[in-house]
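# Examination of the molecular architecture
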Amino acid sequence: MCVDQSCRRCGVGVALGLKVLEFAATHGYSSVVLGTTAYSPAAHQLYQRLGFRCVGVTNGYITPGARRSFLTQIFYRVRHHHYSLDVHNRKITLNGEDSRQERN
Ligand SMILES: CC(C)(COP(=O)(O)OP(=O)(O)OC[C@H]1O[C@@H](n2cnc3c(N)ncnc32)[C@H](O)[C@@H]1OP(=O)(O)O)[C@@H](O)C(=O)NCCC(=O)NCCS
């Protein structure tokens, strides 16, 4: 997910995330998983606010199918955070308060 810099902190990220969760609920998915290599706190806070929880971290992550030189492997260490959300019982934080949204 990426929001244009001039439009950040206006709720676009939350709106996009909620759209994904709405799609998952409507189509009967039980969970949504995502991964991010973002270093800035913005993405992590957004996903946590949408109700995702971090279920693991992979150090030295390499995108499947990608190749990296030996030097890149030594100096460029990517941390990949794995997030998961239970669609049936999701919890979202709005305006600093928690509210539980049940699937219809
Ligand atoms: C992460 C990103 C998509 C968020 O989009 P956004 O439209 O700004 O997000 P929202 O306005 O809906 O913000 C929702 C919440 O996310 C968190 N958040 C967003 N930007 C933040 C920042 N710069 N610092 C800390 N928290 C932040 C806050 O909890 C925020 O709620 P608040 O504004 O009430 O405090 C956007 O910052 C972005 O495009 N970043 C660069 C790309 C990236 O890192 N993408 C994720 C890779 S997987």
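Description of the structure in this document. (Residues numbered from 1 in each chain as written. Predicted model: local features only at pLDDT ≥ 70, side-chain atom pairs only at ≥ 80, totals over all residues. Heavy atoms only, no water.)

## Let's talk about the packing of aromatic side chains
- Inspection of the entire model under this criterion finds three aromatic pairs.
- Between Y47 and Y83, the aromatic rings sit 5.8 Å apart at their centres with planes inclined by 55°, giving tilted as the arrangement. A residue pair is termed long-range when its members are at least 10 positions apart, and Y47 in helix α2 (residues 41-49) and Y83 in strand β3 (residues 79-86) qualify at 36 residues.
- For Y47, a relative accessible area of 9% translates into the label buried.
- By relative accessible area, which is 2% here, Y83 ends up buried.
- Among the aromatic residues, those joined into a ring-pair cluster are Y47, F52 and Y83. (Phe/Tyr/Trp six-rings, centres within 6.5 Å; stacked < 30°, edge-to-face > 60°. Helix = DSSP H or I, 4+ residues; strand = E, 2+ residues; numbered from the N terminus. Buried < 20%, exposed > 50% of the residue type's maximum accessible area, 1.4 Å probe, protein only.)

## Thoughts on the environment of H80
- As for its placement among the helices and strands, H80 is situated in strand β3.
- Judged by its relative accessible area of 10%, H80 falls in the buried class.
- Residues H80 and G60, 20 residues apart in the sequence, show an inter-C-alpha distance of 7.8 Å.
- Discounting residues that sit within four places of it in the chain, H80 has contacts with G35, T36, T37, G56, V57, T58 and Y61. (Contact = heavy atoms within 4.5 Å.)

## So, the site of the ligand
- Residues in close proximity to the ligand total 18 residues, the closest being M1, V3, R9, G13 and R49.
- Between an oxygen atom of the ligand and a main-chain N or O atom of V3, the distance comes to 2.7 Å.
- In this structure, an oxygen atom belonging to the ligand sits 2.8 Å away from a main-chain N or O atom of G11.
- In isolation the ligand has 920 Å² of accessible area, and contact with the protein removes 75% of it.
- Mapped by element, the contributors of at least two residues to the shell around the ligand are α1 (12-26) and α2.
- Each residue belonging to the shell around the ligand can be placed in one class, and the counts come to 11 nonpolar, four polar and three charged. (Near = heavy atom within 4 Å. Polar contact = N/O pair within 3.5 Å; in protein donor to acceptor, adjacent residues only side chain to side chain. Areas by Shrake-Rupley, 256 points an atom, 1.4 Å probe, with all protein chains shown as cover. Nonpolar A, V, L, I, M, F, W, Y, C, P; charged D, E, K, R; others polar.)

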